[in-house]
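This is what each chain is made of:
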Amino acid sequence: MKVTVERAQLLKSLGHVHRVVERRNTIPILGNVLVRAEQGRLSLKATDLDLEVTETLPAEAAQPGATTVPAHMFYDIVRKLPDGSQIVLESDGERAVLAIRAGRSRFTLQTLPESDFPDLAAGEMGHAFALPAADVKRLIDRTQFAISTEETRYYLNGIYLHSADSAGTATLRAVATDGHRLAQVELPLPSGAAGMPGVIVPRKTVGEVQRLIEDSEISIGIELSTNKVRFTIGNVVLTSKLIDGTFPDYGRVIPQNNDKELVVDKSEFEAAVDRVSTISSERGRAVKLALSAGKLVLTVTNPDSGSATEELEVEYASDALDIGFNSRYLLDIAAQIEGEAAVLKLADPGSPTLIHDRDAKGALYVLMPMRV
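Residues numbered from 1 in each chain as written. Predicted model: local features only at pLDDT ≥ 70, side-chain atom pairs only at ≥ 80, totals over all residues. Heavy atoms only, no water.

## Observations regarding the overall build of the protein chain
Point 1. For the protein chain, the count of helices and strands is six helices and 26 strands.
Point 2. In terms of overall dimensions, the protein chain has a C-alpha envelope of 80 × 50 × 35 Å along the principal axes.
Point 3. Taken across its 372 residues, the protein chain has 52% of its residues classed as buried.
Point 4. Sequence-distant contacts in the protein chain: of pairs separated by 6 or more residues, those separated by 24 or more amount to 67%.
Point 5. For the protein chain, the computed accessible surface area is about 17800 Å², with 46% contributed by carbon and sulfur atoms.
Point 6. Distance from the positive charge centre (40 side chains) to the negative charge centre (51 side chains) of the protein chain: 5 Å. (Helix = DSSP H or I, 4+ residues; strand = E, 2+ residues; numbered from the N terminus. Buried < 20%, exposed > 50% of the residue type's maximum accessible area, 1.4 Å probe, protein only. Contact = heavy atoms within 4.5 Å. Areas by Shrake-Rupley, 256 points an atom, 1.4 Å probe, with all protein chains shown as cover. Lys, Arg positive; Asp, Glu negative; His and termini not counted. Charge placed at Lys NZ, Arg CZ, Asp CG, Glu CD.)

## Points about the packing of helix H5 (residues 266-276) against helix H6 (residues 327-334)
The geometry of a pair of packed helices is captured by two quantities: the angle between their axes and the separation between those axes.
Point 1. Remark: H5 packs on H6, axes separated minimally by 10 Å, with the N-to-C direction vectors making an angle of 155 degrees. With respect to H6, the axis of H5 lies roughly antiparallel. Of the two elements, H5 crosses H6, and the hand of that crossing is left-handed. Seen from H5, the contacting residues are Lys266, Phe269, Glu270, Val273 and Asp274; seen from H6, they are Ser327, Leu330, Leu331 and Ala334.
Point 2. Looking at the contact of H5 with H6 residue by residue, the class counts come to five nonpolar, one polar and three charged. (Axes fitted to C-alpha atoms, helices over the stretch in contact; angles between N-to-C directions. Parallel < 35°, antiparallel > 145°, perpendicular 65-115°, else oblique. Left-handed = near helix turned anticlockwise from the far one by under 90°. Nonpolar A, V, L, I, M, F, W, Y, C, P; charged D, E, K, R; others polar.)

## Quick look at the packing of helix H3 (residues 133-141) against helix H4 (residues 203-212)
Point 1. Relative orientation of the contacting elements H3 and H4 amounts to 140 degrees, with a least axis distance of 10 Å. It follows that H3 is oblique to H4 by the angle criterion. The handedness of the crossing between H3 and H4 comes out as left-handed. From H3, Val136, Ile140 and Asp141 reach across to H4, where they touch Val206, Val209 and Gln210.
Point 2. Looking at side-chain class alone, the contact of H3 with H4 contains four nonpolar, one polar and one charged residues.

## Observations concerning the pattern of salt bridges
Point 1. Across all of its chains, the model carries 29 salt bridges by this definition.
Point 2. Between Asp119 and Lys45 there is a salt bridge, with its nearest N and O atoms 3.4 Å apart. Highlighted residues: Asp119 in the loop between strand S9 (105-110) and strand S10 (127-132) and Lys45 in strand S3 (residues 41-47), separated in sequence by 74 residues.
Point 3. Between Glu338 and Arg142 there is a salt bridge, with the nearest N and O atoms lying 3.4 Å from each other. Of this pair, Glu338 sits in the loop between H6 and strand S24 (341-346) while Arg142 sits in the loop between H3 and strand S11 (158-166); the two residues are 196 residues apart in sequence, bridging distant segments of the chain. (Salt bridge = Lys/Arg side-chain N within 4 Å of Asp/Glu carboxyl O.)

## As for the packing of aromatic side chains
Point 1. Under the criterion given, the structure shown has five aromatic pairs.
Point 2. Taking 6.0 Å as the distance between ring centres and 45 degrees as the angle between the ring planes, the aromatic pair formed by Phe145 and Tyr365 counts as tilted. Of this pair, Phe145 sits in the loop between H3 and S11 while Tyr365 sits in strand S26 (residues 363-367); the two residues are 220 residues apart in sequence, bridging distant segments of the chain. Each member of the pair, Phe145 as well as Tyr365, carries the same accessibility label: buried.
Point 3. Relative to Tyr250, the ring of Phe247 lies with its centre 6.4 Å away and its plane at 65 degrees, an arrangement referred to as edge-to-face.
Point 4. On the basis of relative accessibility, which here comes to 11%, the residue Tyr250 falls in the buried class.
Point 5. Three or more aromatic residues joined by ring pairs form one cluster here, namely Tyr160, Phe247 and Tyr250. (Phe/Tyr/Trp six-rings, centres within 6.5 Å; stacked < 30°, edge-to-face > 60°.)

## What about unusual backbone geometry?
Point 1. Unlike most non-glycine residues, Leu49 shows phi in positive territory, near 80 degrees.
Point 2. Mapped onto the elements, Leu49 comes out in the loop between S3 and strand S4 (51-58).
Point 3. The backbone of Ala167 sits at a positive phi, close to 50 degrees, despite the residue not being glycine.
Point 4. Tracing the backbone through its elements, the reader meets Ala167 in the loop between S11 and strand S12 (169-177).
Point 5. Taking relative accessible area as the criterion, Ala167 reaches 83% and is therefore assigned exposed.

## Observations concerning helix H2 (residues 71-80)
Point 1. By the burial criterion, the buried members of H2 are Ala71, His72, Phe74, Tyr75, Ile77 and Val78.
Point 2. In this fold, the buried residues of H2 make contact with helix H1 (7-18), strand S2 (32-38), strand S6 (65-70), strand S7 (86-90), strand S8 (97-102) and S9.

## Describing the side chain of Lys266
Point 1. If you trace the backbone, Lys266 turns up in helix H5.
Point 2. In this structure Lys266 comes out as buried when scored by relative accessible area, which is 16%.
Point 3. Sequence-distant contacts of Lys266, defined by excluding residues within four places in its chain, comprise Ala334, Ala335, Ile337, Gly339, Glu340, Ala341 and Ala342.

## A closer look at a negative patch on the surface
Point 1. A surface patch of negative charge is lined by Asp265, Glu268, Glu311, Glu313 and Glu340.
Point 2. If you trace the backbone, Glu311 turns up in strand S21 (residues 306-313).
Point 3. Overall, Glu311 belongs to the exposed group, its relative accessible area being 54%. (Patch = residues over 30% accessible without salt bridge, like charges linked within 9 Å, V, L, I, M, F, W, Y side chains within 5 Å.)

## Concerning the sheet that holds strand S17 (residues 236-241)
Point 1. The strand order across the open sheet formed by eight strands is S6-S2-S3-S4-S17-S16-S15-S10, and the pairing between neighbours is antiparallel. Edge strands, defined here as strands with exactly one partner in the open sheet, are S6 and S10. The mean angle between the axes of side-by-side strands here comes to 15 degrees, regardless of whether they run parallel or antiparallel.
Point 2. Bridge analysis of S2 against S6 gives six bridges, and the strand direction is antiparallel. If you follow Val33 over to S6, its bridge partner there is Val69.
Point 3. Strands in contact with H4 are S4, strand S16 (228-233) and S17; relative to S17, the strand with the most contacts, it is inclined by about 170 degrees. (Pairing = 2+ DSSP bridges.)

Written out as structure tokens, the structure is:
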């Protein structure tokens, strides 16, 4: 194999694929990236057996061929080479090394045979549709914070993507919950997604897709089957296994009859919660919301350090109510509100609260209260 490639392009592509490679591997080949030179292009592939990323970039292939090299070391070498340099990658097939040349620099890396590299064979993908990158980014950004990190409830360790009926309109809905809070975002069902299976996309996959979206103007191809999903983002193809589990019936925890409505200025509320929570301890992050006509008083009491109070003018005309929330969770949800005002629909101090954007439709959040 002999191929010449421009450093900036190789660095960018390696930056995308090497992230998938775990730093510690019991299987040596999983620490490597597959480098394949073909007519006029170079493709790079990395996998952790659950997730596979392939990227293709233009290159001058004098001699086609393929090999695998340690991913993180290869990335570090390319990163440290001079900007603007042309990089020559060469292997002769007899010695198990890849030579890397750029200007006066020369490196040789130990290789493992391409035939040992695992292939996450996707099989037949039954459903395919496309979404604008901005929509995919919104689905992820607005739900990702609620993904559970508790490994015992593995079926909550991702975003549940499925088709749903919302007031008679077919929608593509993303839901994430960790048992304390829930985020649900939906958009009109794209052509080709009708009848798709409900799938749970793992947290690591979600994070990689989010990082790969560098241009929100492009269209992203999504293909899925009952156990795999594939995202095509420009020259990058990401294939992932899905979480094999049943997502809970989340509709049961979305309150329908919360009759007390509180409207707050999003930025004022966010700043006030942030200020009073300075006092809270790492362990107890509770903030108390005391509601009365037109007024909201936020209080945090920490027996070890003191207390904090802040008063806000709000739109509220129901009975007085005291309710407590985890301040970190409140801030996470407030950060998702796109408009100027947030609406909180409350029932009583022990029931979940429904939160949504007053102006933007399609997203809702549920937050469980805390005792204060």
